[in-house]
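Letter by letter, the chains look like this.
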Amino acid sequence: MKLHASGEDYLEAILVLQRQKGMVRSVDVARHLEVTKPSVCNAVATLRDGGFLTMDEGYFLHLTDVGREVAEQIYEKHRFFTDRLIAAGVDPATAERDACRIEHVISDENFERLKAAAKPES
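So, here's what we can say about the structure.

Rules used throughout
Residues numbered from 1 in each chain as written. Predicted model: local features only at pLDDT ≥ 70, side-chain atom pairs only at ≥ 80, totals over all residues. Heavy atoms only, no water. Pairing = 2+ DSSP bridges. Helix = DSSP H or I, 4+ residues; strand = E, 2+ residues; numbered from the N terminus. Salt bridge = Lys/Arg side-chain N within 4 Å of Asp/Glu carboxyl O. Expected span 1.5 Å × (residues − 1). Buried < 20%, exposed > 50% of the residue type's maximum accessible area, 1.4 Å probe, protein only. Arc of directions from axis to C-beta. Contact = heavy atoms within 4.5 Å. Axes fitted to C-alpha atoms, helices over the stretch in contact; angles between N-to-C directions. Parallel < 35°, antiparallel > 145°, perpendicular 65-115°, else oblique. Left-handed = near helix turned anticlockwise from the far one by under 90°. Nonpolar A, V, L, I, M, F, W, Y, C, P; charged D, E, K, R; others polar.

Pairing within the open sheet is antiparallel, and its 3 strands lie in the order E1-E3-E2. Lying at the two open borders of the sheet, with one neighbouring strand each, are strand E1 (24–25) and strand E2 (53–55).

If you walk through the whole model with that rule in mind, you get 11 salt bridges. Measuring nitrogen to oxygen at the nearest pair gives 2.4 Å for the salt bridge that ties aspartate 98 to arginine 101. Taken together, the residues span about one helical turn, with aspartate 98 and arginine 101 both in helix H5 (residues 92–105) at a distance of 3 residues. Glutamate 112 serves as the salt-bridge partner of lysine 115, at 3.3 Å between the closest nitrogen and oxygen.

In this section: helix H3 (residues 37–49). With 13 residues, H3 extends 18 Å between its outermost C-alpha atoms, agreeing within 8% with the 18 Å of an ideal straight helix rising 1.5 Å per residue. Val40, Ala43, Val44 and Leu47 are the residues of H3 that are buried. Along H3, the residues classed as buried sweep out an arc of 105° about the axis, all on the same side. Exposed side of H3, more than 90 degrees from the buried face: Pro38, Asn42 and Asp49 are the residues found there. In this structure, the buried residues of H3 make contact with helix H1 (5–21), helix H2 (26–33), E2 and strand E3 (60–63).

This paragraph deals with the packing of helix H4 (residues 65–87) against helix H6 (residues 108–118). Interaxial distance between H4 and H6 falls to 12 Å at its minimum, and their mutual angle equals 45°. As far as their axial angle goes, H6 and H4 are oblique. Handedness of the crossing formed by H4 with H6: left-handed. Within the contact between the two elements, H4 uses Glu76, Lys77, Phe80, Phe81 and Arg84 and H6 uses Asp108, Phe111, Leu114, Lys115 and Ala118. A per-class count over the contact of H4 with H6 returns 5 nonpolar, no polar and 5 charged.

This next bit is on unusual backbone geometry. Trans is the common state for peptide bonds, and a negative phi is the common state for residues other than glycine. Notably, glutamate 34 is not glycine yet its phi reads approximately 55°, a positive angle. Of note, glutamate 34 is situated in the loop between H2 and H3. Here glutamate 34 falls in the exposed class, since its relative accessible area comes to 73%. With phi around 65°, tyrosine 59 is a residue other than glycine that occupies positive phi space. For tyrosine 59, the location among the structural elements is in the loop between E2 and E3.

Another aspect to go through is the pairing of E3. Residues of E3 alternate between two faces, with Leu61 and Leu63 buried on one and Phe60 and His62 left unburied on the opposite face. Bridge analysis of E1 against E3 gives 2 bridges, and the strand direction is antiparallel. Residue pairing in the sheet places arginine 25 in a bridge with phenylalanine 60 of E3. Where E2 and E3 come together, 3 bridges link them in antiparallel fashion. From the neighbouring strand, leucine 53 faces E3, where its bridge partner is leucine 63. Taking the residues that link successive antiparallel strands as the turn, the E2-E3 hairpin has 4 residues, and the phi of tyrosine 59 there is positive, at about 65°.

Next up, the structure:
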């Protein structure tokens, strides 16, 4: 299943919230992304059907192995671009917004090249 940017954003939000809180419900995702609970419910259903997450009997969301892998890749890109933009003098809030857009459009190949180029020489 091919994910759209919004699906990637939901997976990334669940990953971040799990790291912060341990357990995540749809309402937590709605607050974090500043979207409505029905929007989260629709996204959760789509992501669940795609095999990216599960929901337990307590309505807690859990990333599958595939969902976690996608979320971690997106989050890595987000942190990378946010950090680079801030280091270049961009306002942190603007850097966060722009990084969120960049993370979805850059190819994996070019991201790996940028990461390699950004590593300090030993």
